[in-house]
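Fold and contact review
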Amino acid sequence: MSKLHQLASYFRYWLNAVDKHSLQAPFIYELYTSVIKPNIHNDHFKEIESIRDQYKTSDQRIPIIDFGAGSKVSNNHIRQVKDIASTGLTKKKYSEVLYRLCNFSEAKNILELGTSLGVNTLYLAMSSTESRVTTFEGSPALCDVARDTFRQFGANNINIIEGNIDDNLQPFVDSSSPIDIAFIDANHRYKPTLSYFNTIRQKAHDQSCFIFDDIHWSKEMEKAWREIRTHYSVSLSIDLYQMGLVFFTPDLRKQHYMLQF
Ligand SMILES: C[S@@+](CC[C@H](N)C(=O)[O-])C[C@H]1O[C@@H](n2cnc3c(N)ncnc32)[C@H](O)[C@@H]1O
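Residues numbered from 1 in each chain as written. Predicted model: local features only at pLDDT ≥ 70, side-chain atom pairs only at ≥ 80, totals over all residues. Heavy atoms only, no water.

Once that is clear, we can look at the site of the ligand. Taken together, the neighbourhood of the ligand is formed by 20 residues, with Thr90, Gly114, Glu137, Ile165 and Asp185 sitting nearest. Measuring from an oxygen atom of the ligand, one finds a side-chain N or O atom of glutamate 137 at 2.6 Å. Here the shell around the ligand is composed, by residue class, of seven nonpolar, 10 polar and three charged. (Near = heavy atom within 4 Å. Polar contact = N/O pair within 3.5 Å; in protein donor to acceptor, adjacent residues only side chain to side chain. Nonpolar A, V, L, I, M, F, W, Y, C, P; charged D, E, K, R; others polar.)

Have a look at this one:
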């Protein structure tokens, strides 16, 4: 990870990101004002955050299998849960966007690559009673904690697939119904990111939305994001700096937006 790269890419984003006043097309305007930007209170958020808070004080030490660029902070093989909860999870503000996105698109079949403690998975799962989330995690100890997270919350619409995504994703996709929302937050490298995109794209439909985390984290993630957003199948792409969203709707004019967030 290069701090210089991150500084430069943030500066570029800061210079170019626009707000609602620059958005003319109805779909992107609605998406920005009713899904991306709102800061609406929701009882689910409060309950989920109390679980995150609990993990932030947990001294439990667990073994972690390193799958590559999965950890942004530490490559230690034993980590404290409080450390993961404080530095390795999607921040509340972004998880809330994912929740609203699932809700807005009435997503039923939702995928998450990279479960970690399962806190963000709850946001995906609570977006609708009709949704079903499949989440993938390679570290068995993290899977155990995540299963506990889901149990504590009483979430019974989550299926966790334990093991290496490189082995498990294609067989899942082969038998999956069309994928409505996918949040890709596992191995943050060029090759795996492109491979995840090409695999789940096999089950994308016109209303699908895929969200990629850490798109500016490194030069290779930047390259992966550029290739994904310019892919022929993608019509609309949105850069929120921390994450990038792509849509496949054929009747949207191919456009790329950097949006203030
Ligand atoms: C950044 S964390 C996920 C955070 C979570 N999605 C959230 O939003 O809070 C990335 C996770 O992906 C897992 N991971 C990375 N590469 C993987 C692979 N090839 N197979 C399975 N899991 C992997 C790591 O073990 C780690 O727990």
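Moving on, we get to the packing of aromatic side chains. Overall, the coordinates contain 12 aromatic pairs when judged by the stated rule. When the centroid spacing of 6.4 Å and the interplanar angle of 50° are considered together, the rings of phenylalanine 27 and phenylalanine 104 count as tilted. Of the two residues, phenylalanine 27 sits in helix H2 (residues 26-36) while phenylalanine 104 sits in helix H5 (residues 92-104), which places them 77 residues apart along the sequence. Ring centres of phenylalanine 45 and tyrosine 99 lie 4.8 Å apart, and the angle between their planes is 85°; on these two criteria the pair is classed as edge-to-face. With phenylalanine 45 in helix H3 (residues 43-56) and tyrosine 99 in helix H5, this residue pair connects regions lying 54 residues apart in the sequence. Connected via pairs of aromatic rings, a cluster forms that spans Tyr10, Tyr13 and Tyr241. Positioned above the aromatic ring of tyrosine 190 is the side chain of lysine 223, whose terminal nitrogen or guanidinium carbon lies 4.0 Å from the ring centre. (Phe/Tyr/Trp six-rings, centres within 6.5 Å; stacked < 30°, edge-to-face > 60°. Helix = DSSP H or I, 4+ residues; strand = E, 2+ residues; numbered from the N terminus. Lys NZ or Arg CZ within 6 Å of the ring centre and 35° of its normal.)

Attention now goes to the nonpolar core. One finds Leu101, Leu117, Ile211, Ile238 and Leu259 to be the most contacted residues of the largest nonpolar core, which totals 54 residues. It is helix H7 (residues 140-153) that contributes the most residues to this core, seven residues altogether. Each residue touching leucine 117, except ones within four places of it in the same chain, is listed here: Tyr55, Val81, Ile84, Ala85, Leu89, Leu142, Val145, Ala146 and Thr149. Counting 25 residues, the second-largest nonpolar core is a separate cluster that includes Phe136, Ile184, Ile215 and Phe248. (Core = buried A, V, L, I, M, F, W, Y, C linked by side-chain atoms within 4.5 Å. Buried < 20%, exposed > 50% of the residue type's maximum accessible area, 1.4 Å probe, protein only. Contact = heavy atoms within 4.5 Å.)

So, on to the pairing of strand E6 (residues 179-184). Extensive coverage of E6 is indicated by the burial of six of its six residues. Pairing between strand E3 (residues 109-113) and E6: four bridges, direction parallel. Bridged to leucine 113 within E6 is isoleucine 184. One ladder, built from five bridges, connects E6 with strand E7 (residues 204-213); its direction is parallel. Counterpart to phenylalanine 183 in the pairing with E7 is isoleucine 211. Note that the unit made of E6, helix H9 (residues 190-200) and E7 has a crossover that is right-handed. (Pairing = 2+ DSSP bridges. Right-handed = clockwise from strand over helix to strand, strands pointing away.)

Next up on the list: the sheet that holds strand E9 (residues 243-247). Reading across from one edge, E5-E4-E3-E6-E7-E9-E8-E10 is the order of the eight strands in this open sheet, with mixed pairing throughout. Since the sheet does not close on itself, it has two edges, and those belong to strand E5 (158-162) and strand E10 (255-258), each with one partner. Going from strand to strand, the sheet's axes swing by 15° on average, the running direction of each strand aside. As paired elements, strand E4 (residues 132-137) and E5 share five bridges and run parallel to each other. Paired with threonine 135 across the bridge in E5 is isoleucine 160. Contacts from H2 reach strand E8 (236-239), E9 and E10 within the one sheet, and its direction differs from that of E8 by about 40°. Sitting on the sheet, helix H10 (residues 219-229) touches E7, E8, E9 and E10, and the angle it makes with E9 is about 20°. (Axes fitted to C-alpha atoms, helices over the stretch in contact; angles between N-to-C directions.)

Before going further, it helps to examine H3. Between its first and last C-alpha, H3 extends 20 Å over 14 residues, near the 20 Å set by a 1.5 Å rise per residue. Within H3 the residues assigned to the buried category are Phe45, Ile48, Glu49, Ile51, Arg52 and Tyr55. Mapping the buried residues of H3 onto a view down its axis gives an arc of 150°, with all of them on the same face. More than 90 degrees from the buried face of H3, the exposed residues found are Asp43 and Lys46. Where H3 is buried, its residues contact helix H4 (81-87), H5, helix H6 (119-125) and H7. For H3, the N-terminal cap is asparagine 42; the gap from its side-chain oxygen to the backbone nitrogen of histidine 44 is 2.7 Å. (Expected span 1.5 Å × (residues − 1). Arc of directions from axis to C-beta.)

The next point concerns a nonpolar patch on the surface. Taken together, Tyr10, Phe11, Trp14 and Leu15 make up a surface patch of nonpolar side chains, about 490 Å² in accessible area. With respect to the secondary-structure elements, tryptophan 14 resides in helix H1 (residues 3-16). Since its relative accessible area comes to 55%, tryptophan 14 is described here as exposed. (Patch = residues over 30% accessible without salt bridge, like charges linked within 9 Å, V, L, I, M, F, W, Y side chains within 5 Å. Areas by Shrake-Rupley, 256 points an atom, 1.4 Å probe, with all protein chains shown as cover. Salt bridge = Lys/Arg side-chain N within 4 Å of Asp/Glu carboxyl O.)

Here we take up the pattern of salt bridges. The full count for this structure, using the stated rule, is 10 salt bridges. Close ionic contact of lysine 92 with glutamate 96 constitutes a salt bridge, the shortest N to O distance being 2.8 Å. Taken together, the residues span about one helical turn, with lysine 92 and glutamate 96 both in helix H5 at a distance of four residues. Glutamate 96 gets classed as buried once you look at its relative accessible area, which sits at 5%. Among the charged side chains, a network of salt bridges with common partners joins Lys92, Glu96 and Arg100.

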